[in-house]
Amino acid sequence: MHPKQVFKVRAKLMGNQFELSVVAVNEDWAIQRIDAGIAEIKRIEKLLTTFDEGSETNLINRNAGLEPVKVSEETFQLIERSLKISGLTQGAFDITYGSIDKSLWNFDTTMNALPDKETARQMVKLINYRNIMLDKEAGTVFLKEKGTRIGFGGIGKGYAAEMAKKVMVEQGVESGIVNASGDLTAWGLQPDGEEWTIGIADPNNSGQVFSFIKITGLAVATSGNYEKYIVVDGKKYSHTINPRTGLPVTGIKSVTIITKNAEIADAMATPVTIMGIKAGLGMINQIKDIEAIIVDDHDKVYTSANIHIH
């Protein structure tokens, strides 16, 4: 009998580096399960992408202000859940953020000045989750305002990770991890019977870890300004845009969310960043089974009520 070990595959999916890990005794068996997980992520990518003209997301966007679009039940339900999170976070999470034109914010090396506040404010007028009309009976989605665009950048990776896990579990994987560029879901135990140890990246040095947590049956997502940002006049601006102002969030370097579901973890990391430390933790402390770790611009660490890190 071979001992159990961890088999991993890395793949570029949804514009991100995914890593799928499975604990098994047989490599072929493990790789087949991982391939099934990858196929599921590719299926979701096709459904949600804005890079494919024929995707449901683009169809909804093209018909903004014109007419309702019939979509698959899966897309409908994802939008429905997104709207619930928008309500919960008072609009800090909003899938209509796609309405912000790339010309306003382009986090690449060419950007060396902040956009004009007035221009930013004009553009964010289109960001309003309340303009998404859902008709459950007809299974349609309608964006009321012309020019409104939705995008699943804030929730799609977590959803894909969760769905890949589901497929792998159904195929008999008792223990594994689906890691979508730092948004991950882990279940079961390591080959030695221990829980999985997850490192939380140091916001000042993404290659370093500043704390470890042991988890099983949980999901972790981190939103930070160490991956995409611009520097203007020596100040770092994160790629997280406040939907109310259209300007980048400042004051927080990273937010890590720990909860049972990768989709929720992914979706809650950005709003906490936007809401700020006090309001963000206040909200998290009122929701069952969800915790947060926040690192501010001065490297001070704040945690929600039930969490203890070492």
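Residues numbered from 1 in each chain as written. Predicted model: local features only at pLDDT ≥ 70, side-chain atom pairs only at ≥ 80, totals over all residues. Heavy atoms only, no water.

## Focus: the confidence of the model for the protein chain
Quick reminder of the rule: Along the chain, pLDDT gives the predictor's confidence residue by residue, from 0 to 100. When checking whether two residues touch, look at their non-hydrogen atoms; a contact exists if any pair is within 4.5 Å.
Counting all residues, the mean pLDDT for the protein chain is 87, and 88% of those residues have values of 70 or more. With pLDDT under 50 throughout, residues 103-107 is counted as low confidence; its partners more than four residues away or in other chains account for 23 contacts.

## Some details on the side chain of Asp-94
To keep things clear, this is the line we draw: Runs of E in the DSSP output that reach at least two residues are strands. Runs of H or I that reach at least four are helices, and both are numbered from the N terminus. Each residue's exposure class comes from its accessible area (1.4 Å probe, protein chains only) as a fraction of the maximum for that residue type: buried when under 20%, exposed when over 50%, partly exposed otherwise. Only four residue types enter the tally: Lys and Arg on the positive side, Asp and Glu on the negative side, with His and both chain ends excluded. By salt bridge we mean one thing: a side-chain nitrogen of Lys or Arg within 4 Å of a carboxyl oxygen of Asp or Glu. Polar contact criterion, stated in full: a pair of N or O atoms within 3.5 Å, where within protein one must be able to donate a hydrogen and the other to accept it, and residues adjacent in sequence count only if both atoms are side-chain atoms.
Along the chain, Asp-94 falls in the loop between helix H3 (73-88) and helix H4 (117-124). Although Asp-94 lies buried, it forms no salt bridge, and the closest oppositely charged side chain, Arg-130, sits 7.0 Å away as judged by the N-O distance. Polar contacts involving the side chain of Asp-94 include one to the side chain of Thr-96, which spans 2.6 Å. A distance of 2.9 Å separates a polar side-chain atom of Asp-94 from the backbone nitrogen of Tyr-129. Not counting residues within four places of it along the chain, the set of residues in contact with Asp-94 comprises Ser-86, Ile-127, Asn-128 and Tyr-129.

## With respect to the sheet that holds strand E15 (residues 301-303)
Selection rule: One bridge is not enough; two strands pair if DSSP finds at least two bridges between them. All axes are obtained by fitting lines to C-alpha atoms, using only the stretch in contact for helices, and the reported angles, taken between N-to-C directions, cover 0 to 180 degrees.
Taken in spatial order, the eight strands make up an open sheet running E1-E2-E6-E7-E10-E13-E14-E15, and their pairing is antiparallel. Two strands close off the open sheet at either side, each with one partner strand: strand E1 (5-13) and E15. Adjacent strand axes in the sheet meet at a mean angle of 10° when their direction is disregarded. In this structure, strand E2 (residues 16-24) lies alongside strand E6 (residues 176-180), joined through five bridges in antiparallel fashion. Within E6, the residue paired with Leu-20 across the bridge is Val-178. Each of strand E7 (183-187), strand E10 (218-224), strand E13 (252-259) and strand E14 (290-296) touches helix H6 (residues 262-275); the most contacted strand, E13, lies at about 150° to it. The sheet strands contacting helix H7 (residues 277-286) are E13, E14 and E15, and the helix crosses E14 at an angle near 165°.

## A short note on the sheet that holds strand E4 (residues 132-135)
Taken together, the three strands give an open sheet; going across it, the order is E3-E5-E4, and neighbouring strands pair in antiparallel fashion. The open sheet has two free edges, formed respectively by strand E3 (69-70) and E4, since each of these has just one partner strand. Relative to strand E5 (residues 140-143), E4 runs antiparallel, the two being bridged by four bridges. Its bridge partner lying in E5, Asp-135 is registered against Thr-140. Sheet strands in contact with H3 are E4 and E5, and its direction is about 130° off that of E4.

## Describing the side chain of Thr-259
Along the chain, the position of Thr-259 falls in strand E13. Take Thr-259: its relative accessible area is 8%, and that puts it in the buried class. A distance of 2.8 Å separates a polar side-chain atom of Thr-259 from the backbone oxygen of Asp-289. Excluding anything up to four places from it in sequence, Thr-259 contacts Leu-218, Ala-219, Ile-264, Ala-265, Asp-289 and Ile-290.

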